[in-house]
Structure formats: structure tokens, C-alpha cells
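Chain by chain, the residues:
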Amino acid sequence: MLAAQRQSWILEEVRRIGGVRVSDLTQALGVSDMTVRRDLDTLARKGLIEKVHGGATARHPGSTDEPGFEAKVGRERAAKDAIARRAADLVRPGTAIGVTAGTTTHAFARAMARVPDVTVVTNSLRVAEVLHTHAVASQTVILTGGVRTPSDALVGPVAIQSIRALHLDCVFMGVHGMDEVAGFTSPNLMEAETNRALMSTARRLIVLADHTKWGVVGLCAIAGLEGAAALVTDSGLAQDGRAALSDRVGELIIAGEEEEQPATIPAQNVHSLVDGRHL
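Quick notes on the rules
- Residues numbered from 1 in each chain as written.
- Predicted model: local features only at pLDDT ≥ 70, side-chain atom pairs only at ≥ 80, totals over all residues.
- Heavy atoms only, no water.
- Helix = DSSP H or I, 4+ residues; strand = E, 2+ residues; numbered from the N terminus.
- Buried < 20%, exposed > 50% of the residue type's maximum accessible area, 1.4 Å probe, protein only.
- Contact = heavy atoms within 4.5 Å.
- Areas by Shrake-Rupley, 256 points an atom, 1.4 Å probe, with all protein chains shown as cover.
- Core = buried A, V, L, I, M, F, W, Y, C linked by side-chain atoms within 4.5 Å.
- Pairing = 2+ DSSP bridges.
- Axes fitted to C-alpha atoms, helices over the stretch in contact; angles between N-to-C directions.
- Polar contact = N/O pair within 3.5 Å; in protein donor to acceptor, adjacent residues only side chain to side chain.

Chemist: Describe the overall build of the protein chain, with residues and values.
Modeler: Each helix and strand in the protein chain was counted, giving 10 helices and 15 strands. Residues classed as buried in the protein chain amount to 51% of the 279 residues present. The contacts in the protein chain between residues at least 6 apart in sequence include a share of 60% that link residues at least 24 apart. If you sum the accessible surface of the protein chain, you get close to 12800 Å²; carbon and sulfur atoms cover 51% of it.

In C-alpha cells:
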């Protein structure tokens, strides 16, 4: 096996059974103790596992845990791609949109790169890179300044100052977690503040979140569930989550299940980001 193949196998084992021993890995993979330890070091540096004496365990995130972009990009990839394609249907030529940082919004950027005559404001280095490489010539991409976070977001006073002068039609936001009580949350205080500033410039908010985000609570609230005009998620979302979200967000869109629905958000489902009233 190549190093990347070994590390992928080790990671799957950790996620499947919760932990692995170095001695077991050397036998299973047919490599030396030193090789296994180097692989574990690599996975730990990426934030994918926790190294312990004699092996490694799955990470147990807390409310301030913030994995880096590389640690998250491979998770639930099929679900994120489905969400991205469905959300891209909501983008209309001639509009100005905001896109926050995250691996789901990164997938969304790839999906909407071919929509013409769109102005995109983003605080995500990864989103800006995708659009710079793949977007049609008629798209305009504006990257805010700011301080870089582990998720490659630009946040803080410089980002907020550049955002506040704008007026956007819609913001597409990725989140760390969503909960019936806590709402949409982030583990990063400055990223949450920057996302709130971006939301305040827009007529409507569309949240992109796969099913694993339901029930996850980060340190800082971004918005209540009622603040979302629409939430685009995937078919893995459990029935309790569907019921709770259907009652709270303007429109719940399950990627792959509602392709027959109109791409535009009904006017009666668009909420004011300031006070939650219908626009």
C-alpha cells in the first residue's frame, strides 16, 4: 500500500471501531511499527484522530473543537455534493450572493461556477480559489480580507468592515451544527460574528448542512433556525430532525428527494434576517 492508502484504511478502522492499536495495525498492514506511528502522526496532525499510548482513538469534539478544512472535506462527500447541486439551482443570473466558508459551501462553489452574471462575495479562501479556477468569465468574485481560521475563513474586524457596506440578494451559509434549541452554531467566535455580518447584508439566508450537523452544538450561536429562508440538507436526515426543521425554517429542501419542486424559494417562505418576519 501507498502511505495515503494505509492512512485511509487506518482512519476507516478508527471510525468503525473507535480506536486501534499499533501492534494490530502492523500485523494487518504488514509494515513496521515505525511506519504505523508515522501514519498515525500524519492523521493526528490533520485533526482526524487522537493519538494515545499504544495507538489512536476517534476524536471527540467539544463545543470549541474546530477541525481544519482537510479534516472535514472528505466527510459525507456524496451528501455534500448532492446538497451543492440542489443549492446551485437556487442561484439566478443577475444576482449578488454571499458564500461563507466550509466544505459544503466549497462543493456548492463548484456546482454554481457555471451560472452566468453572478457577483459572489465570500470570506472563504477555498471558495474564491474554486471560482477563480472554474467560474464563467461573467462571474465577479469579491474576497473579503481578515484573519484566517483553521477552516480557511477570513474573519474579524477587517472582514466585517468590508462586508457591512454591501447589499446582497442571498447568503449561502455552511454551519458547524444545527440544533432545535441552539439554532445554527459555530465553534469559532469571530467566524460566527463575521457570518452574522454577512447575513445582515442579505434579503434571505439559505443554510447548507448535511444530516450529521443535526444535534451538533458549537460554542457560538450564528442564527436561530427561524432565520433561514431555506435549509438544504440530504436524505440521511432522521425523521425527528425533519419534523423539527420543517416547523422552524422557511423551507426544508432534501437534496435528491424534492427535485420536482420549483427551484426558487416561495415568497411566503422568505424571512427577514433582522426580526424573523416574512418579507
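Here the narrative resumes, following the displayed structure.
Chemist: Explain the environment of Arg-77 to me, using residue names and the numbers behind them.
Modeler: Within the secondary structure, Arg-77 is located in helix 5 (residues 77-88). Measuring from C-alpha to C-alpha, the distance between Arg-77 and Asp-210 comes to 9.5 Å, with 133 residues separating the pair along the chain.

Chemist: Could you give an account of the environment of Met-34, with specific residues and numbers?
Modeler: Considering the arrangement of structural elements, one finds Met-34 in helix 3 (residues 33-45). Each C-alpha atom, one on Met-34 and one on Val-22, is 9.3 Å from the other, the two residues being 12 residues apart in sequence.

Chemist: Tell me about the nonpolar core, residues and numbers included.
Modeler: Residues Met-173, Met-178, Phe-184, Val-207, Leu-231, Leu-245 and Val-249 are the most contacted members of the largest nonpolar core, which totals 31 residues. Those elements that provide at least two residues to this core are helix 8 (157-164), strand 9 (168-174), helix 9 (189-200), strand 12 (202-208), strand 13 (220-223), helix 10 (239-248) and strand 15 (252-254). Each residue touching Val-249, except ones within four places of it in the same chain, is listed here: Phe-184, Leu-225, Ala-228 and Leu-231. Ranked by size, the runner-up nonpolar core spans 28 residues in total, among them Ala-84, Ala-88, Val-99 and Leu-208.

Chemist: Outline the sheet that holds strand 4 (residues 96-99), listing residues and values.
Modeler: Strands sit in the order 6-5-4-9-12-14-15 across an open sheet of 7 strands; the sheet is parallel. The outermost strands of the open sheet, each flanked by one partner alone, are strand 6 (140-143) and strand 15. Averaged over all neighbouring strand pairs, the angle between strand axes comes to 20°, with direction disregarded. The sheet contact formed by strand 9 and strand 12 spans 6 bridges and is parallel. For Phe-172, the partnering residue across the bridge sits in strand 12 and is Ile-206. Strands strand 9, strand 12, strand 14 (230-233) and strand 15 of the sheet are contacted by helix 5, whose axis makes an angle of about 145° with strand 14. With respect to the sheet, helix 6 (residues 103-111) is in contact with strand 4, strand 9 and strand 12, its orientation differing from that of strand 9 by roughly 130°.

Chemist: Can you explain unusual backbone geometry? Please cite residues and give values.
Modeler: With phi around 55°, Asp-117 is a residue other than glycine that occupies positive phi space. Mapped onto the elements, Asp-117 comes out in the loop between helix 6 and strand 5 (119-122). A relative accessible area of 46% places Asp-117 in the partly exposed class.

Chemist: Explain the side chain of Thr-95 to me, using residue names and the numbers behind them.
Modeler: On the secondary structure map, Thr-95 appears in the loop between helix 5 and strand 4. Polar contacts involving the side chain of Thr-95 include one to the main-chain carbonyl oxygen of Arg-92, which spans 2.6 Å. Apart from the residues within four sequence positions on either side, Thr-95 is in contact with Asp-117, Val-118, Thr-119 and Asp-169.

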